[in-house]
Amino acid sequence: MERILTSETPKKIGEKVKLMGWVHNLRDHGKITFLDLRDKTGIIQCVGQNIPKLTLESVVEVVGQVVERPEKMINQNLETGRIELQIEKINVISVAGEMPLPLEGDGYDIDEKTRMKYRYLDLRRARMTHNIRLRSETTLWIRNYLSKNGFVEIETPILTKTTPEGARDFLVPSRLRPGNFYALPQSPQQYKQLLMVSGFERYFQIARCFRDEDPRADRAYGEFTQLDIEMSFVTQKDILTLSEELFTQLVGSIFPHKKITQSPWPRLSHQDARKNYGTDKPDLRKDKNNPDELAFCWILDFPLFTQQSDQDFFHGSGKAKFAPSHHMFTAPHPDDIGLLDSDPAKVRGLQHDLVLNGFEVGGGSIRIHDPKIQEKIFDLIGFSTKQKKEFEHVLAAFGYGVPPHGGIASGLDRFLMVVLGEPSVREVIAFPATAGGQTAVMDAPGKATPAQLRELGIKVSTVPKEK
Ligand code: ASP
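Residues numbered from 1 in each chain as written. Predicted model: local features only at pLDDT ≥ 70, side-chain atom pairs only at ≥ 80, totals over all residues. Heavy atoms only, no water.

1. Regarding the pairing of strand β14 (residues 296–300)
Rules: Whether a residue is buried, partly exposed or exposed follows from its accessible area with a 1.4 Å probe, protein chains only, as a fraction of its type maximum: under 20%, in between, or over 50%, in that order. Counting from the N terminus, the helices are the DSSP runs of H or I reaching at least four residues and the strands are the DSSP runs of E reaching at least two. Pairing between two strands requires that DSSP report at least two bridges joining them.
Within β14, 5 of the 5 residues are buried, which leaves the element mostly enclosed by the surrounding structure. Every second residue of β14 is oriented toward a common face, with Phe 296, Trp 298 and Leu 300 on one face and Cys 297 and Ile 299 on the other, all of them buried. Direction of pairing for strand β12 (residues 267–269) relative to β14: parallel, over a ladder of 3 bridges. Paired with Leu 268 across the two strands is Ile 299, which belongs to β14. Sheet topology places β14 next to strand β17 (residues 351–356); 5 bridges connect them, and they run antiparallel. Its bridge partner being in β17, Leu 300 is matched across the sheet by His 352.

2. Side note on the site of the ligand
Inclusion rule: For this description, a residue counts as near a given molecule or strand if any of its non-hydrogen atoms is within 4 Å of it. Throughout this description, a polar contact denotes any pair of N or O atoms lying within 3.5 Å of each other; where both atoms belong to protein, one of them has to be capable of donating a hydrogen while the other can accept it, and for residues adjacent in sequence the pair is counted only when both atoms sit in side chains. Per-residue and other accessible areas were derived by the Shrake-Rupley procedure at a 1.4 Å probe size, with only the shown protein chains allowed to occlude residues. As a working rule, the residues Ala, Val, Leu, Ile, Met, Phe, Trp, Tyr, Cys and Pro are called nonpolar, Asp, Glu, Lys and Arg charged, and the rest polar, with Gly in that last group.
Around the ligand lies a shell of 14 residues, among which Glu 165, Gln 189, Lys 192, His 327 and Arg 367 are the nearest. The contact in question runs from an oxygen atom of the ligand to an N or O atom on the side chain of Arg 211, over 3.0 Å. Across the complex, the protein chains shield 92% of the 270 Å² of accessible surface that the ligand would expose by itself. Counting residues per element, the ones that place at least two in the shell around the ligand are α4 (189–197), β18 (359–366) and β19 (405–411). Examining the composition of the shell around the ligand, we find that 3 residues originate from one element, β19, more than from any other. Of the residues assigned to the shell around the ligand, the class counts are 2 nonpolar, 8 polar and 4 charged.

3. Looking at the sheet that holds strand β10 (residues 222–232)
Filter applied, for reference: In this description, contact between two residues means that some pair of their heavy atoms is separated by no more than 4.5 Å. Convention adopted: a line fitted to C-alpha atoms gives each axis, helices being fitted over their contacting stretch, and angles between N-to-C directions are expressed from 0 to 180 degrees.
With mixed pairing, the 8 strands of this open sheet are ordered in space as β6-β9-β10-β19-β18-β17-β14-β12. The sheet is open, and its two edges are formed by β6 (152–153) and β12, each paired on a single side. Helix α3 (residues 126–148) rests against β6, β9 (202–211) and β10 of the sheet, and its axis sits at about 145° to β9.

4. Section: the nonpolar core
Under the convention used in this document: Buried residues of nine kinds, namely Ala, Val, Leu, Ile, Met, Phe, Trp, Tyr and Cys, make up a nonpolar core once their side-chain atoms join them within 4.5 Å.
Within the largest apolar cluster, 64 residues are counted, with the highest numbers of intra-cluster contacts made by Ile 142, Leu 146, Ile 229, Phe 255 and Phe 415. It is helix α5 (residues 236–254) that provides the largest number of residues to this core, a total of 8 residues. In this structure, Ile 4, Leu 35, Ile 51 and Val 60 belong to the second largest nonpolar core, which totals 17 residues.

Given below as structure tokens:
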């Protein structure tokens, strides 16, 4: 007999079926046992006599007849609440030991270390299963939407060279060229711009980005996922319009009970946002107690540079007063080009930030496509000849016919955190690192063996003492 799913049982009244799943709940009433069986589609009550001893969360196979429940036994809260399965045969496939953490309830009050150590169990929790499924629906919807709109999904390398977004790089030692290192990409920024030189015109990627910066509730440690987009022959307005349509339709399709506060989304200058709200991430919800309200807004006209103190020189440049406020490929506002020489602090950038309920959920810009301006920006941020050489491939590529281009990247984890009303991005990622940077379930980072280090030509000088 073929296994069927719980969700199919209401159509099988009177039939004998086979189900497989987990023991979700057990109620032993002497001779009669009620067993709630759970699979990926839901829960069904199974009833039997002389059932062998079972433990919760064991995996079982149950064969029996689907019958209607008596009127007064109907459970309105369950999709299968009008029926139950009369157990004829039960087979224990895998016995579960005692759970190391409770799986019922929302789980917020359970120690995070325990939740992450047993994340594969924590993901059985209904709230987590729901979040991860909605995440999958969201990315599928985005893929379909962008593909229909002429975008090509292209993967870019993970083992690569630094692409500074203002954070610290993760380095990976090279075995083939000992003493050399790859950097994990802080974003696919350079590759997506090179793909515009290649002529794809509309690129997207659900891209993993790696930044070694301290975690926060709205930022997972180490890696995060962004919807990365780049387009050729566009203005900033085109990028904003596309993003606005994408997210509005996405919310309508996947999160239909959510209400967007204002459409079209308000567009504020950086200066006005700071003046009127004291922040460049204003929360424009009308009613902050309403969990179903989504207030998107755009922040525009950022200064191209932030001025920096001696301590935080951008990328160790060592001498410049300026650091890019977005990244170094952002184009200056065409009206302000003259100011690059006379008063760089006053230059506005063609940058756009997307804010949702007070969280920055996206950012992007129109890019520089003139190698001369790119060089000028490198000079202003204090790049040495050696540092410029690190990016000479970009300048070289721009010498072979580059379309004007721009794009945006939206943080998927953060977007989902806000839409699902979760307190942390870790609630929407299947296996996030803990706040302390330890990977979920597996114990990384860990030590390399002496043989591995030898092969890589690496000597570790700061080995913490074993406790
Ligand atoms: N690369 C930028 C980021 O990751 C986004 C962009 O400019 O498209 O923030």
